[in-house]
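Now for the letters of each chain:
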Amino acid sequence: MKLKRNIAISENGFLFNPETGDSFIVNPIAKEILNYLEAGYDNEKINQLILDRYEVDLVTLEKNMEDFFTMLQHNELLDR
Amino acid sequence: MEKPKFNIAVTGLNNTDNPGPGIPVIRGLKESKDFDVRIIGLAYENLEPGIYMRDLVDKTYQIPYPSSGKEAVLERIEYINSKENLDFIIPNLDAELYTFIQSKEKLEKMGIRTFLPSMQQFEERHKANLNEYGDKYGIKVPFSKSITNRRDIEELKEDFEYPLLVKGKFYDAYLAYTPEQVNTHFNKISAKWGLPVIIQEFIRGTEVNVIALGDGHGNTVGAVPMRKQYITDKGKAWGGITIQDNKMLDLTKSLIKQTKWRGGMELELIKTNQNEYFLIEINPRIPAWVYLAVAAGQNLPEAMIKLAFGMDVPNYSEYEVGKMFIRYSYDLIGDIAQFGSLSVTGEM
């Protein structure tokens, strides 16, 4: 999964998609994941980083990550 | 070197919740670093807000509606020209373009330039001709049909699925879910804008717009795509944001190249969820949100004047993405004497 290169995310979690004009407010964990994606990390690496930092089991994390990526895809924020 | 000064007449000073492009065009012109302008407002009604914006409009004259006939309009312009020595006229409303395009030569004889599409360019992009236009220039357009009689409404179910759009030939568009609703909209639109009324297939998606300026030789001087963020109950953009959309720009440039469009234009498009673009309308003039393009780095009104006067014209290829506009209303304070002057003498 790759975040589109021109997506802008501000410090306070405001995200702007310049292709569609859509804007979103993301929570701190979503912002963290988006930053990892921006840095080019793959899903496995991101999962590991989240597991290390937060109290969450792998099954819950993977389910939530899948939902999150579906949402990103739906909103045209990922490179196809 | 001293900057040239142009006397420019501008229409469309109705800066209300259904704004004309006059005021934003003037703002663009006044920001030019290469020429100075004296703005002569041409107003149809004596409560058009632009008349009272004295920092933008230097002098205003009332002009007759286009429905009074070309001769009446030209006669009035001749009088205004004798007082103001006009260099250029920017008509900003669809309904008056026919008169101004037809009067190009007469205006030139008076020493007044315009920068408008040809009659053929103007005619072929009419809403009623959109299907042929799409076929000719290779652009997807929603299926549409012109109707001139209420009796035609019942037969629409053969060609259309509901909901569908009911549109006036110049302005207004309503969504209708039933033949009864089509009938109501047909009556309202035909009474206001005349016939035909255009029935258009409803395409689901996001409305996106491009403002552009063609030099008349097939080149696009500038183009800026925008997405409306807030739409009023009149369907007008009250807020919008510039977007980065190369497909829209390519489509615009291809159209200008093929048609050799001369002047300002606005393409109204629907972008579907499958990333397809349908052209729903071409406005043959600068749209009311032009100041967003100016703010994003493309002063298209200024470029239009430069084109007309043979000055060096920028070839805009960049603009700032994520630039926003938000309209607001503001109470201008006038004096009854101003209103009186315009009402009695037709000028202020």
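Residues numbered from 1 in each chain as written. Chains lettered and ligands numbered in written order. Predicted model: local features only at pLDDT ≥ 70, side-chain atom pairs only at ≥ 80, totals over all residues. Heavy atoms only, no water.

All names here are of chain B. Counting buried residues along strand β9 (residues 206-215), eight of its 10 residues qualify, which places the element largely inside the surrounding structure. Note: β9 against strand β12 (residues 262-271), 10 bridges, orientation antiparallel. Across the sheet, the residue bridging to Ile211 is Glu266, located in β12. (Buried < 20%, exposed > 50% of the residue type's maximum accessible area, 1.4 Å probe, protein only. Helix = DSSP H or I, 4+ residues; strand = E, 2+ residues; numbered from the N terminus. Pairing = 2+ DSSP bridges.)

Sequence positions flagged by UniProt for "domain: ATP-grasp" (unreviewed entry) are, in local numbering, residues 131-309 of chain B. Measuring from the first to the last C-alpha atom of residues 131-309 of chain B gives 36 Å, for a span that is 28% helix and 35% strand. (UniProt positions renumbered as here; feature names shortened; annotations may be inferred.)

Turning our attention to the sheet that holds strand β11 (residues 237-242) of chain B. Residues and elements named next belong to chain B. Pairing is antiparallel across the open sheet formed by six strands, whose spatial order is β13-β12-β9-β10-β11-β14. Both edges of this open sheet fall to β13 (277-283) and β14 (324-326), since each of them pairs with a single strand only. For this sheet, the mean inter-axis angle between neighbouring strands, taken without regard to orientation, is 30°. Pairing of β9 with strand β10 (residues 220-231), which is carried by seven bridges, proceeds in the antiparallel orientation. Looking across to β10, one finds that Val208 is bridged to Arg227. On top of the sheet, helix α10 (residues 300-308) reaches β9, β10 and β12; it is set at about 25° to β9, its chief contact. (Axes fitted to C-alpha atoms, helices over the stretch in contact; angles between N-to-C directions. Contact = heavy atoms within 4.5 Å.)

Glycine aside, residues mostly have negative phi angles, and peptide bonds mostly take the trans form. All names here are of chain B. In the segment running from Tyr162 into Pro163, the intervening peptide bond is cis, with an omega of 0°. Mapped onto the elements of the fold, Pro163 is located in the loop between β5 (144-147) and β6 (164-167). Going from Leu195 to Pro196, the amide bond is cis rather than trans, its omega being 0°. Here Pro196 shows up in the loop between α7 (179-193) and β8 (197-201). Of note, Asn275 is a non-glycine position whose phi angle comes to about 60°, a positive value.

Residues and elements named next belong to chain B. Inspection of every chain in the model, using the stated rule, returns 23 salt bridges over all chains. Notably, a salt bridge pairs Lys59 with Glu347, separated by 3.3 Å at the nearest N-O pair. Of the two residues, Lys59 is situated in strand β3 (residues 59-62) and Glu347 in the segment after α11 (336-345); the sequence distance between them amounts to 288 residues. The exposure classification of Lys59 matches that of Glu347, with both residues buried. Among the salt bridges present, the one from Glu281 reaches Lys127, with a minimum N-O distance of 3.6 Å. Taken as a pair, Glu281 in strand β13 and Lys127 in the loop between α5 (119-124) and α6 (130-137) lie far apart in primary sequence, 154 residues in all. Accessibility assignment for this pair places Glu281 and Lys127 in one class, buried. Three or more residues are tied together by salt bridges with common partners; here these are Asp34, Glu302 and Lys306. (Salt bridge = Lys/Arg side-chain N within 4 Å of Asp/Glu carboxyl O.)

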